[in-house]
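# Architecture and fold: a report
Take a look at the letters that make up each chain.
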Amino acid sequence: MQVLRVIVMRYVCSATVALAILVPALMAGPVLATGLVVTDATVGQNLETAGTVTLSGPVPAADLQITLTSNDPSRLLLSNTADSAGSASIVVNLQRAIREPEFYLHGLAKSGTATYTASAPGFSSGTAKVTLAPSGVVIS
């Protein structure tokens, strides 16, 4: 348990009195870290779906380069556009005007789960789960 120690000096009748107050660090108030939040998704085998990444705090003054990385490239790939091939890692640009840059998740398996991680310098990273599902065509 971390403890914050505050010592207050006070003069009383020409004598010095020291007062020590011990406050648990958790009572000092929450420290809110700015981090990246990515969305969970479901995607069919050999299909793709859109994903988004947002900031849980204020947007920085300059554009922010966010790296998205598949934690299992044999099952999940990422791309910046709907018509480009997927890769194990991509970079998306978080602009002040566009608070949620879109990217695409490519499913390569018909079952199970995979994860991907968003990271940027100075921000806590975020990880999301992608559920992989079978795909098919229905003709009626």
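An account of the accompanying structure is given in this report.

Reading the values: rules and limits
Residues numbered from 1 in each chain as written. Predicted model: local features only at pLDDT ≥ 70, side-chain atom pairs only at ≥ 80, totals over all residues. Heavy atoms only, no water. Helix = DSSP H or I, 4+ residues; strand = E, 2+ residues; numbered from the N terminus. Buried < 20%, exposed > 50% of the residue type's maximum accessible area, 1.4 Å probe, protein only. Areas by Shrake-Rupley, 256 points an atom, 1.4 Å probe, with all protein chains shown as cover. Core = buried A, V, L, I, M, F, W, Y, C linked by side-chain atoms within 4.5 Å. Contact = heavy atoms within 4.5 Å. Phe/Tyr/Trp six-rings, centres within 6.5 Å; stacked < 30°, edge-to-face > 60°. Salt bridge = Lys/Arg side-chain N within 4 Å of Asp/Glu carboxyl O. Polar contact = N/O pair within 3.5 Å; in protein donor to acceptor, adjacent residues only side chain to side chain.

## Focus on the overall build of the protein chain
Tallying secondary structure elements over the protein chain gives zero helices and eleven strands in all. Along the protein chain, helices and strands appear, N-terminal first, in the series β-β-β-β-β-β-β-β-β-β-β. Each of the 140 residues in the protein chain was classed as buried or not, and the buried ones make up 29%. Surface summary for the protein chain: the accessible area is close to 8,900 Å², and the carbon and sulfur share equals 58%.

## Focus on the nonpolar core
One recurring pattern in soluble globular proteins: nonpolar side chains tend to sit buried together. Counting residues in hydrophobic clusters, the biggest one holds 24 residues, and the most contacted among them are Val53, Ile66, Leu68, Phe103, Leu105 and Tyr116. If sequence neighbours within four positions are ignored, Ile66 has contacts with Leu36, Val53, Ile90, Val91, Val92, Leu94, Ala118, Ser119 and Ala120.

## Thoughts on the packing of aromatic side chains
Scanning all chains against the criterion turns up one aromatic pair. A ring pair is formed by Phe103 and Tyr116, whose centres lie 5.7 Å apart and whose planes are at 70°; its orientation type is edge-to-face. Taken together, the residues span a long stretch of sequence, with Phe103 in strand S9 (residues 102-107) and Tyr116 in strand S10 (residues 113-119) at a distance of 13 residues. Of the two residues, Phe103 and Tyr116, neither departs from the other in class, the shared state being buried.

## Points about the pattern of salt bridges
Evaluated as defined, the whole model comprises one salt bridge. Residue Asp72 is joined to Arg75 by a salt bridge in which the shortest nitrogen-to-oxygen separation is 3.7 Å. Under the relative-accessibility criterion, Asp72 is labelled partly exposed at 24%.

## Topic: the side chain of Thr117
Within the secondary structure, Thr117 sits in strand S10. Separated by 3.2 Å, the side chains of Thr117 and Thr127 make a polar contact. Excluding its chain neighbours within four sequence positions, the residues that come into contact with Thr117 are Thr67, Leu68, Thr69, Asn71, Ser125, Gly126 and Thr127.

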